[in-house]
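As a plain string of letters, each chain reads:
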Amino acid sequence: MKNDKKDNLYKKQYPKNHKFSFNSEVADVFEDMVKRSVPGYEFLINNIGIVAKKFYQPGTNVYDLGSSLSACSLSILKNVKNLDGKVFAIDSSKAMINICKKSIKDPKINFINSDICEYNIVNPSVVILNLTLQFIPTTKRENLLRRLFKELNTGGVIIITEKVKLNKMQDNILLQNFHDFFKENNGYSKEEIDRKKLALADSMIIESEKDHEKRFKNIGCNNFYQWFKCYNFASWVLIK
Ligand SMILES: C[S@@+](CC[C@H](N)C(=O)[O-])C[C@H]1O[C@@H](n2cnc3c(N)ncnc32)[C@H](O)[C@@H]1O
């Protein structure tokens, strides 16, 4: 999807009780926002398509969970030439799903407006959670992953990308400053960065790499591998 709208949302001041949400204002500028905020985002999208090509099994489905504007789904469709099942792009934001329904006309994708914690996946060989798990309440994360891994076909893959934190406070501050510097270099002011951080504080709960890897083991996955790391963002493949 190509959209040139620039993210200026946090140039303005919001009331004290303002919270970030994936509403239509955000959906409208999401492409610019995510590219300027997540180091390596375009690399991630391209390579999620390539990893999917390696693990996709004919006759199965692909699930893009927390799909936003369906960047992962589109990359998968571009790369996986033998895809004969369905791609389910699922997001709890009506605004995101509406934009996708209007602008993407590929009969292989089904756009679904749903909470991924309540949605049953069927016959998947590729499941994507690209920057999504961090928005799921921590108490629900293990059950969600357990269910996804249980449904995954043997030989299939779950790809999980997350912002991560370091356990030592001082190290974590250093890493956060590094990320802020990345965003400043992409044209965000210090005020914009701080306002958005404050707005996200309740809904985006960041864990350490150790926390994630412990959870992968808890759900019965011992075959996982970190294939991407850039600033404070990491991505894993969980293979069944
Ligand atoms: C950072 S964005 C994901 C980016 C997207 N995967 C990509 O690669 O461009 C997080 C998305 O997760 C969605 N989301 C958050 N909680 C959700 C839930 N419980 N069920 C479904 N979608 C959810 C949000 O609406 C948002 O679109």
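What you see is a predicted model, and the numbers here were worked out from it, not measured in a lab. (Residues numbered from 1 in each chain as written. Predicted model: local features only at pLDDT ≥ 70, side-chain atom pairs only at ≥ 80, totals over all residues. Heavy atoms only, no water.)

(A) Highlighting empty space enclosed by the protein. Enumeration according to the criterion identifies 1 cavity of 30 Å³ or more in this entry. Quantified by volume, the largest cavity comes out at close to 60 Å³. Each residue belonging to the lining of the largest cavity can be placed in one class, and the counts come to 5 nonpolar, 3 polar and 2 charged. (1 Å grid on protein atoms, 1.4 Å probe; cavity = no way out; pocket = protein on both sides within 12 Å on 5 of 7 lines; lining within 4 Å. Points joined across faces, edges and corners; volume = space filled by probe spheres on them. Nonpolar A, V, L, I, M, F, W, Y, C, P; charged D, E, K, R; others polar.)

(B) Here's a closer look at the pattern of salt bridges. Here the structure, examined in full by the defined rule, presents 14 salt bridges. Put simply, K35 and E42 hold a salt bridge, and the shortest N to O gap is 3.8 Å. Owing to a relative accessible area of 27%, K35 belongs among the partly exposed residues under this scheme. Here E42 falls in the partly exposed class, since its relative accessible area comes to 48%. Between E184 and K190 there is a salt bridge; the shortest N-O distance is 3.2 Å. According to the relative accessible area criterion, E184 is partly exposed, its value standing at 31%. A cluster of three or more residues bridged by salt bridges with shared partners is formed by E31, K35 and E42. (Salt bridge = Lys/Arg side-chain N within 4 Å of Asp/Glu carboxyl O. Buried < 20%, exposed > 50% of the residue type's maximum accessible area, 1.4 Å probe, protein only.)

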